[in-house]
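Examining the three-dimensional arrangement
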Amino acid sequence: MAYVAKPLAVVTGASTGIGRELARIAAERGNDLVIAANEDRIEEAAQFLREYGATVVAVNADLATLEGVDKLCDAIHATGRPVELLMANAGVGLGHAFLDQEVDAWRRVVDTNITGTVYLIQKIGQGMRMRNAGRILITGSIAGFMPGSFQAVYNGSKAFLNSFSFALRNELKDSGITVTCLMPGATETEFFARAGMLDTKVGQAEKDDPVDVAATGFAAMMNGEGDVVSGWKNKLQSAAANVMPAGMLAEQHRKMAEPGSGKH
Ligand SMILES: NC(=O)c1ccc[n+]([C@@H]2O[C@H](COP(=O)([O-])OP(=O)(O)OC[C@H]3O[C@@H](n4cnc5c(N)ncnc54)[C@H](OP(=O)(O)O)[C@@H]3O)[C@@H](O)[C@H]2O)c1
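Residues numbered from 1 in each chain as written. Predicted model: local features only at pLDDT ≥ 70, side-chain atom pairs only at ≥ 80, totals over all residues. Heavy atoms only, no water.

With respect to the overall build of the protein chain
Scanning the protein chain from N- to C-terminus turns up ten helices and seven strands. A globule of 264 residues ought to have a C-alpha radius of gyration of about 18 Å, and the protein chain, at 18 Å, matches this closely. Its C-alpha atoms put the protein chain at 60 × 40 × 30 Å along the principal axes. Looking at the protein chain as a whole, 49% of its 264 residues are labelled buried. Contacts spanning at least 24 positions in sequence make up 68% of the contacts within the protein chain whose residues lie at least 6 apart. A total accessible area of about 12500 Å² is found for the protein chain, and carbon and sulfur atoms account for 55% of it. (Helix = DSSP H or I, 4+ residues; strand = E, 2+ residues; numbered from the N terminus. Rg over C-alpha atoms; globule rule 2.2 N^0.38 Å. Buried < 20%, exposed > 50% of the residue type's maximum accessible area, 1.4 Å probe, protein only. Contact = heavy atoms within 4.5 Å. Areas by Shrake-Rupley, 256 points an atom, 1.4 Å probe, with all protein chains shown as cover.)

Spelled out as structure tokens, the structure:
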């Protein structure tokens, strides 16, 4: 019997956390995958995903750079297959007071979360437009609803993505392409360790399971929803953020994210 290629899903930031779970769900659903992260562990993730019967191409690329995104796009192109699902999930946090942060560190947040993500979506989105088909899931955050004292650049980057996602969705509303924004709250991944926030209240608090968060986001993408906040506590928090003054939200964020605010 002739081999029939499965539809292709692309997941960035798939070496760990929410992205790895999104990729697992896609593999279980019957997608083949191109996955990317900027570390060797992307190969381990690929091995894990192959156990679900998917053909997986793993790309080790720095998606904070245009060259890294081009490398990923070349790998996608080399499959000769159209992208059915794009999950633009790679992202990085950064704790501590803004004036104490290294320029390279906060630029990395902007370059990964905003520039690399938007560049990837544009390149893949243009291919989707030619076929008038495709689904895009962007991992934003409820952090995008509140000024992030002691995580200021990160929250700003997520506010950008939340907004960008709805704008692109509207531009594509008469097309066969859907755009969905997944807005998780604090989730149990490597995020807080990588962001240098393990001594904060939010870093030490009980968090959502990335399995649930990814399932919520994936389902919303398949339903073509505009956005989804994962978890009822986060839904309440984001609803409150819509009516509370920004200064009050920033003060609330300080309590959660100030270095040393966690238990010693
Ligand atoms: N965990 C939370 O509380 C939370 C809440 C709301 C939203 N989010 C968002 O969820 C997404 C996934 O984060 P996570 O919680 O699953 O954290 P995570 O476990 O740290 O995963 C982040 C993923 O992104 C990859 N990545 C980061 N920078 C990259 C770069 N420059 N190039 C390529 N890959 C890069 C990471 O691999 P490498 O860095 O090794 O390459 C990893 O695969 C992020 O966009 C994050 O902002 C997380």
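More follows now that the structure is in view.
What about the packing of helix α1 (residues 17-29) against helix α2 (residues 41-50)?
Each pair of packed helices gets described by two things: the angle between the helix axes and the distance between those axes. In the contact formed by α1 and α2, the axes pass within 10 Å of each other and the chain directions differ by 30°. Between α1 and α2, the angle falls in the class roughly parallel. Crossing handedness for the pair α1 and α2: right-handed. When α1 is examined against α2, the residues R20, A23, R24 and A27 are found in contact with a partner set consisting of A45, F48 and L49. Here the contact of α1 with α2 is built from residues that sort into five nonpolar, no polar and two charged. (Axes fitted to C-alpha atoms, helices over the stretch in contact; angles between N-to-C directions. Parallel < 35°, antiparallel > 145°, perpendicular 65-115°, else oblique. Left-handed = near helix turned anticlockwise from the far one by under 90°. Nonpolar A, V, L, I, M, F, W, Y, C, P; charged D, E, K, R; others polar.)

Some points on the site of the ligand
The environment of the ligand is formed by 32 residues, the closest being S15, N38, Y154, T187 and T189. With respect to the ligand, the side chain of S15 contributes an N or O atom lying 2.6 Å from an oxygen atom. Within the side chain of Y154, an N or O atom sits 2.7 Å from an oxygen atom of the ligand. The leading source of residues in the shell around the ligand is helix α6 (residues 191-194), at three residues. (Near = heavy atom within 4 Å. Polar contact = N/O pair within 3.5 Å; in protein donor to acceptor, adjacent residues only side chain to side chain.)

Some details on the pattern of salt bridges
Summed over the entire model, instances satisfying the criterion amount to twelve salt bridges. With a closest N to O distance of 3.7 Å, E39 and R194 form a salt bridge. Linking E39 in the loop between β2 (32-37) and α2 with R194 in helix α6, this pair joins segments that are 155 residues apart in sequence. When its relative accessible area of 19% is taken as the criterion, E39 is described as buried. (Salt bridge = Lys/Arg side-chain N within 4 Å of Asp/Glu carboxyl O.)

So, a negative patch on the surface
The grouping of E188, E206, D209 and D212 at the surface amounts to a negative patch. Relative to the elements of secondary structure, E188 occurs in the loop between β6 (177-183) and α6. A relative accessible area of 47% places E188 in the partly exposed class. (Patch = residues over 30% accessible without salt bridge, like charges linked within 9 Å, V, L, I, M, F, W, Y side chains within 5 Å. Lys, Arg positive; Asp, Glu negative; His and termini not counted. Charge placed at Lys NZ, Arg CZ, Asp CG, Glu CD.)

Overview of the pairing of strand β5 (residues 134-139)
Of all six residues in β5, five are buried, a share of seventy percent or more. Pairing analysis gives four bridges linking strand β4 (residues 83-88) to β5, with the strands arranged parallel. For A88, the partnering residue across the bridge sits in β5 and is I138. Each parallel crossover has a hand, and the one from β4 via helix α4 (residues 103-131) to β5 is right-handed. When β5 meets β6, the two strands line up parallel, connected through six bridges. Paired with T139 across the bridge in β6 is L182. After leaving β5, the chain enters helix α5 (residues 152-171) and then returns to the sheet as β6, a path that is right-handed. (Pairing = 2+ DSSP bridges. Right-handed = clockwise from strand over helix to strand, strands pointing away.)

Examining the environment of G262
Looking at the secondary structure, you find G262 in the segment after α10 (246-257). In the structure, G262 is positioned 30 residues away from W232 in sequence and 23 Å away in space, judged by C-alpha atoms. Excluding its chain neighbours within four sequence positions, the residues that come into contact with G262 are D199, T200, K201 and Q204.

Points about the sheet that holds strand β1 (residues 8-12)
The strand order β3-β2-β1-β4-β5-β6-β7 describes an open sheet built from seven strands, whose pairing is parallel. With one partner strand each, in any of the chains shown, β3 (56-60) and β7 (227-229) form the two edges of the open sheet. Neighbour-to-neighbour, the strand axes of the sheet open up by a mean angle of 15°, direction not taken into account. Both β1 and β2 contribute to a ladder of five bridges, which runs parallel. Within β2, the position partnered with T12 by the bridge is A36. Its contacts with the sheet place α1 against β1, β2, β4, β5 and β6, and it is angled at close to 170° to β1. Docked against the sheet, helix α8 (residues 210-223) engages β4, β5, β6 and β7, running at close to 145° with respect to β5.

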